[in-house]
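Take a look at the letters that make up each chain.
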Amino acid sequence: MTKDGSPGSPRARPADGRLAVESLRQSFDDHLLYRRGRILSGATARDRYDALALSVRDRLIERWLRTEATIVERRAKVVHYLSAEFLLGRLLRANLQALGIEDDYRAVLEDLGVDLDELYEAEPEPGLGNGGLGRLAACFLESLATLGFPARGYGIRYEFGIFEQAIRDGQQVERADEWLRFGNPWEMARPEAAVTVGFGGHTEHVAATEGFDVLWHADQHVLGVPHDLPIAGFRRNTVIPLRLWAAKSSCEFDLAMFNSGDYVRAVEEKNATEIISKVLYPNDNFAAGRELRLRQEYFFVACSIQDIVRGHLNHHPNLDDFSSHHAVQLNDTHPAIAIAELMRVLMDEHQLNWKRAWATTVDTFGFTNHTLMPEALERWPVALMGHMLPRHFEIIKEVDRRFAAEVAAAYPNDAERAAQMAIIDDADSPQIHMARLAVVGSHAVNGVAALHTKLLRTQVMRPFAEHFPTRFQNKTNGVTPRRWLLGCNPTLSRLLCSHIGAEWMTDLDQLRRIEPLLEDDDFLDQLLAIKHAHKESLAALIENELDLRVDPHAIFDVQIKRLHEYKRQLLNVLHIIALYLQAKAGETVPPRVFVFGAKAAPGYRQAKLIIRLIHAVADVINNDPDTDAVKIAFLPNYRVTLAERIIVASDVSEQISTAGTEASGTGNMKLALNGAVTIGTLDGANIEIREAVGPENFFLFGMTVEQVQQRLAAQPAGRHDYEQDERLRDILDRIARGFFCPDEPGRFTDLVEGLLRHDHYMVLGDFEAYRTCQRELGDAYLKRRQWARMAGLNIARVGHFSSDRSIREYAKDIWDIRPLPRHDNGDS
């Protein structure tokens, strides 16, 4: 070990475990004293957390440098993962476990009278995303490092992450998430590697030897300052960087203006510039919000492309073989402007002609589509793009012109197809379709579940799939078992290790080996005991957060995901009301606790109204002295850390989106991996999960995609279901006339009337099937060992849904990259 506690070279590592532990203690003490200026007796929890984090970071840095050196020495092809979101979760436990020193540090800290679990709780959570997109990106980076692939992540260092959600009088209230208030000990700022990004201005076409050159005269310049976070491979010395860009003004303030006394205007440019990386996803219901969002997307893309090209030229004489050394993956449409940016850099800054630049660009990029919702396929007004990024608009126009000619030649006299494939439409207010640009400018396009990819090929992007028949492929999502089983469920992990060893941590298919144990009543009882202990812990959290007592013997029925109409939290609420009314009428209802975690986008009025309804219903049901059979717990500020607490305690996983709306989902995988049984539709990855765990271990209900589309074609009014189903009619009437909000009887009238006019997401159409399936589920839960076996089979059979499998498929089929040899990378 080196003096500061870093691991040194492999040969220098001491064989004596006592020396290693002493090194850990010395490193912690040194950081507490020299970096925090504290001695232990006067240190706060934050001081201790920072000292420990810095000590752990020391051990990551040398591994990281060795990884980078190995990539250069072997001239390895690198994948660069561009994502506007990375929901990493807390890093301390994950890094300790990755390095294999969690138990050592726990012992060291215990000797000092410090509780490691308290330091875990002192860590703020970086809220650099708002849902599954960011959580998937985090899983992918961890798997890339664990599998030893040469890779880098690129994103935005949002000063304020996704908002903190508070509930006030049943309504969502957003507060700023100041996750950087006390700094971030894991990151390393690299101001010397800052890049300059331009906006606005105009272009100039200058005659050249062959044709003309284009000069972009931007009228605003922003510095992108990189901050690197090390992402550790699990029990493998590979460490890869997540480079997050912060926007800084190219000049701090106008000194002359300051000296003349105009202090406010002196810093105006600085403030206007740095707002780019200030907050995650502004409300784009307004023109200013949309403009800022486009600025964010171009800012981090331009920084990243410049960084990749600069790194390439440090080791190669030119860009001729750029795509042989670099793959760039676009995580949804947010970074799709990268296609125009790489074209600009190749042509305008490095004088490649269009043909060579375009071939390089297409060979470099892969595009992952994450949605089937038309409103989520980004489109930008031509006027906005032309004003903000005039050179990129020119490039996109040329891509559109050339591709339109290609389409016209392939499908003559097919105006409808030409319109469907136009990158720039011909509407009265023309828009640029970024998903179409991404498809045309990438060599591979993938969906994230088998059904999702099928719908992309046959419906959403059918003309493109017909034109590029080999370009589209499926890559079903996955989750990392290191965070979503080992990290969040240590008791279950210990049980698994005691029977089948630890290989499952890096080969999740090994969980199949527990199947014979599911015939053993003792093993099933241990599974039930572990689940019950987690439920007791969650019950305590619910009581502490909500002042609500719930019975841990009840069914814990969980729906935790972004609040959106297609995810159908509203259907869940209607069923809860039905159960409550049954209990009130004296019917036997298996006790249930319905747990919700969900944030609504600040500008999404309908989603916020559904949150209000959930709380209004909860207020009535939870306070009814006549029945305790049903309870509702809406835990505010849903985030990774809260998900880790809820998932392990879940009996039932609600995956009830309308068939054909959810691309994949990853919460469904995490819940099944921890022994929750799914009730769900044939949507997203539910289909593959059901196939994997067995139809008998999955509660299926609802219309298929085809049935939904038939109903939609008939312009479905929910009134038909309302009139045919007396129970449903009673529930909706109670909501509409104010049974759950007597102080404001009309609060939810519009919500009900909207369903009756047009049941777009089949909330009423699927209600009876859902209620029937829930009754079957409730009966099954009462057979405890049979239920435990179902839960165990879910655990045993979801090995396919590891992000390690996903990454291997991307690496082989899209990126063409190889893992670094373990011995080359300093692995022991």
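Parameters and conventions
Every chain is numbered on its own, with residues counted from 1 as its sequence reads. With pLDDT at 70 or above as the cut-off, local features in this predicted model cover only qualifying residues; side-chain atom pairs require 80 or more to be listed or tallied, and sums for whole chains, interfaces and linings still use all residues. Excluding hydrogens and water, the side-chain figures rest on all heavy atoms present in the structure. Each helix is a run of H or I in the DSSP string that is no shorter than four residues. Each strand is a run of E no shorter than two, and both are numbered from the N terminus. All radius of gyration figures rest on C-alpha atoms, and the globule criterion is 2.2 Å times the number of residues raised to 0.38. Only protein chains enter the calculation, and the probe is 1.4 Å; a residue is then buried if its accessible area is under 20% of its type maximum, exposed if over 50%, and partly exposed in between. Throughout, a residue-residue contact means that at least one pair of heavy atoms, one from each residue, lies within 4.5 Å. All accessible-area figures derive from a Shrake-Rupley calculation using a 1.4 Å probe, and residue coverage is judged against the displayed protein chains alone. A positive count includes Lys and Arg, and a negative count includes Asp and Glu. His and the chain ends are not counted in either. Every charge is mapped to an atom, namely NZ of Lys, CZ of Arg, CG of Asp or CD of Glu. A helix is expected to span 1.5 Å for every residue after the first. For every residue, the predictor states its confidence as a pLDDT score lying anywhere from 0 to 100. When the sulfur atoms of two cysteines come within 2.5 Å, that pair is taken as a disulfide. Where helices are involved, their axes are fitted lines through C-alpha atoms of the stretch in contact, as for all axes, and angles between N-to-C directions lie from 0 to 180°. Oblique is the label for any angle not under 35 degrees, not over 145, and not in the 65 to 115 range, which are roughly parallel, roughly antiparallel and roughly perpendicular in turn. The rule for pairing is simple: two strands pair if DSSP sees at least two bridges between them. Working definition of a nonpolar core: buried Ala, Val, Leu, Ile, Met, Phe, Trp, Tyr and Cys residues. They are joined through side-chain atoms within 4.5 Å. Nitrogen and oxygen atoms within 3.5 Å of one another constitute a polar contact, given that in protein one can donate a hydrogen and the other can accept it, and given that sequence-neighbouring residues count only through two side-chain atoms. One side-chain nitrogen of Lys or Arg within 4 Å of one carboxyl oxygen of Asp or Glu is enough to make a salt bridge. The hand of a helix crossing depends on one turn: near helix anticlockwise from the far one by less than a right angle means left-handed, and clockwise means right-handed. Nonpolar residues are Ala, Val, Leu, Ile, Met, Phe, Trp, Tyr, Cys and Pro. Charged residues are Asp, Glu, Lys and Arg, and all others, Gly as well, are polar. Centre distance within 6.5 Å is the pairing criterion for rings of Phe, Tyr and Trp, where only the six-membered ring of Trp is used; planes under 30 degrees apart are then read as stacked, over 60 as edge-to-face, and the remainder as tilted.

**What to know about the overall build of the protein chain**
Okay, so step 1: The helix and strand inventory of the protein chain stands at 34 helices and 22 strands.
Okay, so step 2: Relative to a compact globule of 828 residues, whose C-alpha radius of gyration would be 28 Å, the protein chain shows 28 Å and is just as compact.
Okay, so step 3: Its C-alpha atoms put the protein chain at 85 × 75 × 65 Å along the principal axes.
Okay, so step 4: In the protein chain, which comprises 828 residues, the share counted as buried stands at 61%.
Okay, so step 5: Residue pairs at least 24 apart in sequence account for 76% of intrachain contacts in the protein chain once pairs closer than 6 positions are excluded.
Okay, so step 6: As presented, the protein chain carries roughly 32600 Å² of accessible surface, and 49% of it is formed by carbon and sulfur atoms.
Okay, so step 7: When the 96 basic and 117 acidic side-chain charges of the protein chain are each reduced to a single mean position, those positions are 2 Å apart.

**Topic: helix α33 (residues 784–796)**
Okay, so step 1: For α33, spanning 13 residues, the distance from its first C-alpha to its last is 18 Å, which sits close to the expected 18 Å at 1.5 Å a residue.
Okay, so step 2: Among the residues of α33, those classed as buried are Trp787, Ala788, Met790, Ala791, Gly792, Leu793, Asn794, Ile795 and Ala796.

**Details of the confidence of the model for the protein chain**
Fine structural detail should not be taken from predicted coordinates in areas where pLDDT scores are low.
Okay, so step 1: Considering every residue of the protein chain, the mean pLDDT works out to 93; 94% of them sit at 70 or more.
Okay, so step 2: Between residues 1–16, whose pLDDT stays under 50, and residues either more than four places distant or in other chains, the model counts 32 contacts.
Okay, so step 3: Across residues 824–828 the pLDDT falls below 50, and counting only partners more than four positions away or on other chains, this stretch makes 17 contacts in the model.

**Some remarks on the environment of His325**
Okay, so step 1: Residue placement: His325 occurs in helix α11 (residues 322–325).
Okay, so step 2: With a relative accessible area of 10%, His325 lands in the buried category.
Okay, so step 3: Apart from the residues lying within four places of it in its own chain, the contact partners of His325 are Arg75, Ala76, Lys77, Val78, His312 and His316.

**Side note on the state of the cysteines**
Okay, so step 1: Counted by the stated rule, this structure contains zero disulfides.
Okay, so step 2: Cys488 provides the cysteine sulfur closest to Cys139, a residue in no disulfide bond, and the two sulfurs are 11 Å apart.
Okay, so step 3: When its relative accessible area of 2% is taken as the criterion, Cys139 is described as buried.

**Re the packing of helix α6 (residues 132–146) against helix α34 (residues 803–815)**
Okay, so step 1: Where α6 contacts α34, the axes come no closer than 9 Å and their chain directions differ by 75°. On the basis of their axis angle, the class for α6 and α34 is roughly perpendicular. Counted together, Cys139, Phe140, Ser143 and Leu144 of α6 and Ser803, Asp804, Ser806, Ile807, Tyr810 and Trp815 of α34 form the full contact between these two elements.

**Topic: the pairing of strand β1 (residues 78–82)**
Okay, so step 1: Of all five residues in β1, five are buried; the element is thus mostly enclosed.
Okay, so step 2: Here β1 shows two buried faces, one formed by Val78, His80 and Leu82 and the other by Val79 and Tyr81.
Okay, so step 3: Across five bridges, β1 lies against strand β11 (residues 326–331) in parallel orientation. Within β11, the residue paired with Val79 across the bridge is Ala327.
Okay, so step 4: Bridge analysis of β1 against strand β2 (residues 151–156) gives four bridges, and the strand direction is parallel.

**Concerning the sheet that holds strand β22 (residues 699–700)**
Okay, so step 1: The strand order across the open sheet formed by six strands is β19-β18-β17-β20-β21-β22, and the pairing between neighbours is parallel. The open sheet has two edge strands with one neighbour each: β19 (630–634) and β22.
Okay, so step 2: Note: strand β21 (residues 677–680) against β22, two bridges, orientation parallel. Residue pairing in the sheet places Gly680 in a bridge with Leu700 of β22.
Okay, so step 3: The strands that helix α23 (residues 569–584) touches are β17 (555–560), β18 (592–597), β19 and β20 (652–655); relative to β18, the one it contacts most, it runs at about 160°.

**Remarks on the nonpolar core**
Okay, so step 1: Counting residues in hydrophobic clusters, the biggest one holds 210 residues, and the most contacted among them are Tyr105, Phe299, Met385 and Trp815.
Okay, so step 2: It is helix α10 (residues 287–313) that provides the largest number of residues to this core, a total of 10 residues.
Okay, so step 3: Excluding its chain neighbours within four sequence positions, the residues that come into contact with Phe299 are Val197, Phe199, Val222, Leu223, Gly224, Trp245, Ala246, Ala247 and Ile276.
Okay, so step 4: Among the nonpolar cores identified, the runner-up in size contains 65 residues, and Tyr566, Ile731, Tyr761 and Leu777 belong to it.

**Thoughts on helix α13 (residues 354–364)**
Okay, so step 1: Turning to α13, its buried residues number three or more, namely Trp354, Ala357, Trp358, Thr360, Thr361, Val362 and Thr364.
Okay, so step 2: The opening residue of α13, the one whose side-chain oxygen lies 3.2 Å from the backbone nitrogen of Lys355, is Asn353.

**Here we look at the pattern of salt bridges**
Okay, so step 1: Throughout the structure, instances matching the rule amount to 58 salt bridges.
Okay, so step 2: Note that Arg90 is salt-bridged to Glu121, the shortest N-O span being 3.4 Å. Taken together, the residues span a long stretch of sequence, with Arg90 in the loop between β1 and α3 (92–99) and Glu121 in helix α5 (residues 116–122) at a distance of 31 residues.
Okay, so step 3: On the basis of relative accessibility, which here comes to 55%, the residue Glu121 falls in the exposed class.
Okay, so step 4: Linking Asp813 and Lys812 is a salt bridge whose minimum nitrogen-to-oxygen distance equals 3.4 Å.
Okay, so step 5: Among the charged side chains, a network of salt bridges with common partners joins Arg36, Arg38, Arg46, Asp47 and Asp50.

**Remarks on the packing of helix α30 (residues 726–736) against helix α31 (residues 749–757)**
Think of two packed helices as two axes; the pair is described by the angle between the axes and how far apart they sit.
Okay, so step 1: It is at 8 Å that the axes of α30 and α31 come closest, and there the two elements cross at 145°. The chirality of how α30 crosses α31 is left-handed. The segment α30 lies against α31, with Leu732, Ile735 and Ala736 engaging Thr749, Val752, Leu755 and Leu756.
Okay, so step 2: Looking at side-chain class alone, the contact of α30 with α31 contains six nonpolar, one polar and no charged residues.

**Some words on the packing of aromatic side chains**
Okay, so step 1: According to the stated counting rule, one finds 13 aromatic pairs in the structure shown.
Okay, so step 2: Summarising the aromatic geometry, the rings of Tyr154 and Trp245 are spaced 6.5 Å apart at their centres and angled 5° between planes, so their arrangement reads as stacked. With Tyr154 in strand β2 and Trp245 in strand β10 (residues 239–249), the pair connects residues that are 91 residues apart, well separated along the chain. Across this residue pair, the class does not change: Tyr154 and Trp245 are buried.
Okay, so step 3: These aromatic residues form a ring-pair network of at least three members: Tyr81, Phe140, Tyr810 and Trp815.

**A short note on the side chain of Arg57**
Okay, so step 1: Along the chain, the position of Arg57 falls in helix α2 (residues 45–74).
Okay, so step 2: Lacking a salt bridge, the buried Arg57 has Asp58 as its closest oppositely charged neighbour, with an N-O distance of 5.2 Å.
Okay, so step 3: Excluding residues within four positions of it along the chain, Arg57 makes contact with Arg35, Pro185, Trp186, Glu187, Met188 and Pro230.

**Topic: the environment of Leu548**
Okay, so step 1: Turning to its location among the elements, Leu548 is positioned in the loop between α22 (521–546) and β17.
Okay, so step 2: Sequence separation of Leu548 and Leu389 is 159 residues, and the distance between their C-alpha atoms is 53 Å.
Okay, so step 3: Other than its neighbours up to four places away in sequence, Leu548 contacts Ile542, Glu543, Asn622, Lys631, Ile632 and Ala633.

**Examining the pairing of strand β15 (residues 444–447)**
Okay, so step 1: With burial as the criterion, each face of β15 is covered, one bearing Ala444 and Asn446 and the other bearing Val445 and Gly447.
Okay, so step 2: Both strand β12 (residues 365–368) and β15 contribute to a ladder of three bridges, which runs parallel. Bridge assignment links Phe367 to a residue of β15, and that residue is Val445.
Okay, so step 3: One ladder, built from three bridges, connects β15 with strand β16 (residues 472–474); its direction is parallel. Bridge pairing in β16 places Val445 opposite Phe472.

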